[in-house]
Amino acid sequence: MSARPALELARAEYRALSLYAPNRVPCAVDVSDNTNLWGAPPAALRAIRDAENSALTRYPATYAAALKHALAACAGVCPDEIVTGCGSDDVLDSAIRAFAAPGARVAYPEPSFPMLPLFASMNGLAGVSVPLGAQMDIDPDAMLASGARIIYLCSPNNPTGRALSDDAIARIVERAPGVVILDEAYAEYSGDGWLARGPRYGKLLITRTLSKAFGLAGLRVGYATGDAALVAEVEKSRGPYKVSALAERAAIAALAQDRAWVREHIAHVRSNRERLTCALLALGLAPLPSDANFVLVPVVDAPTVAQRLRRCGVGVRPFPALAGVGDAIRITIGPWAMMQTVLDALAEALACA
Ligand SMILES: *Cc1c(COP(=O)(O)O)cnc(C)c1O
């Protein structure tokens, strides 16, 4: 992507911004984005195929009431304790805008989800990155010392893979002066997470997505749980009509009928994650322990390794110079045939180093 000169008409903060560029080139085996590599859930697919004309011609529900009901039932909260969005990205962006005025600080761990610094800039906020502590866990005191109006946490953390400790999360939630956002995009792979607990704490917002374990990244459906008054503010900031009619129908179908399919693939992820980890160790690599559907693997010169893999038709996400880790590549866990292709390509890429 060539950088265009910034438009003078743009807001000052926007002139320094560039587009999110994960540098994703189509390739035969794409293990770069942590989506469900087994495919789409069957009931959701049927719902899209069988959708009536009005799903295209008419506006969707203003605030996705039916989807909120379905999500609430699964999450074990009330429908008014749910806010949905066009992906959880939309919920995160709306939330930081709702709870912090331009100029205020938003703190996030380093390394963590790269969208957060971007959303902070897009909303005129000052991003403060706080290094992860020992064992890739958060350091609650450092996080709290940032003086941030909003604290963002991600568990399991992307791209490191480890779930944060409950104690550290609880300590932050108890003592934070403002809103705490806990991003649980990968929680289905690690256990129960905090989802049902969200509304109990007035200032905790827990985001989830149907993009990962549910296999619906293309539909863009995300949500959060929290105290009813808290999620109502996020909903104002987000605006109406953000979940399309087709996405809402498919998501409701998936929540009603595809949960066994989702569970089955979570089990496949866990066993293939162990198997891949062993195979990577055998290659002389030291993948970080993961509670998610990906592993982070430190390598020398990640961009070059990623480029060599791409030549073999394998797409991984390179992370050059990650704080506390160094260069690393991130590999999404998928069906074993795919993992074998990745391993073979990786052995070759490392051999020619
Ligand atoms: C993938 C991911 C998301 C999900 O984004 P959507 O907009 O729901 O697709 C959110 N947070 C993290 C940390 C992620 O890795």
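Here the structure is a predicted model, which is why all the values come from computation and not from measurement.

Scoring rules and cut-offs
Residue numbering note: each chain is counted from 1, following its sequence as written. Where local features are concerned, this predicted model is filtered to residues with pLDDT of at least 70; where side-chain atom pairs are given and counted, the filter is 80 or more; whole-chain, interface and lining totals use all residues. The side-chain quantities take in all heavy atoms of the structure and omit both hydrogens and water. Only the six-membered ring of Trp is used, alongside the rings of Phe and Tyr, when aromatic pairs are assigned; centres must lie within 6.5 Å, and planes under 30 degrees apart are stacked while those over 60 apart are edge-to-face, with the rest tilted. Helix and strand definitions follow DSSP, with helices as H or I runs of at least four residues and strands as E runs of at least two, each counted in order from the N terminus. The classification of residues rests on relative accessible area computed with a 1.4 Å probe and restricted to protein chains. Under 20% of the type maximum is buried, over 50% is exposed, and intermediate values are partly exposed. Distances are taken per atom, and a residue is near a molecule or strand as soon as one of its heavy atoms is within 4 Å of it. Counting of polar contacts relies on pairs of N or O atoms within 3.5 Å, with two restrictions inside protein: one atom must be capable of donating a hydrogen and the other of accepting it, and residues adjacent in sequence are counted only when both atoms are side-chain atoms. Each accessible area value is a Shrake-Rupley result obtained with a 1.4 Å probe; residue values ignore everything except the protein chains displayed when judging cover. Put simply, Ala, Val, Leu, Ile, Met, Phe, Trp, Tyr, Cys and Pro go in the nonpolar bin, Asp, Glu, Lys and Arg in the charged bin, and everything else, Gly too, in the polar bin.

Caption draft 1: Quick peek at the packing of aromatic side chains. Applying the stated criterion to the full structure yields three aromatic pairs. Consider the rings of tyrosine 186 and phenylalanine 294, whose centres lie 5.0 Å apart with planes at 80°: the pair is edge-to-face. In this pair, tyrosine 186 is assigned in the loop between β6 (179–183) and β7 (204–209) and phenylalanine 294 in strand β9 (residues 294–298), connecting sequence segments 108 residues apart. Phenylalanine 294 shares its class with tyrosine 186; the two are buried. Taken together, a centroid distance of 6.1 Å and an interplanar angle of 40° make the contact between tryptophan 194 and tyrosine 201 tilted. Taking relative accessible area as the criterion, tryptophan 194 reaches 3% and is therefore assigned buried.

Caption draft 2: Up close: the site of the ligand. Around the ligand lies a shell of 14 residues, among which Ser88, Tyr186, Thr209, Ser211 and Lys212 are the nearest. Here an oxygen atom of the ligand and a side-chain polar atom of threonine 209 are 2.5 Å apart. At a separation of 2.6 Å, an oxygen atom of the ligand approaches a polar side-chain atom of serine 211. Notes on the ligand: free accessible area 390 Å², of which the protein chains cover 93%. Ranked by residue count, the leading element in the shell around the ligand is helix α5 (residues 87–99), at three residues. Of the residues that constitute the shell around the ligand, the class distribution is five nonpolar, five polar and four charged.

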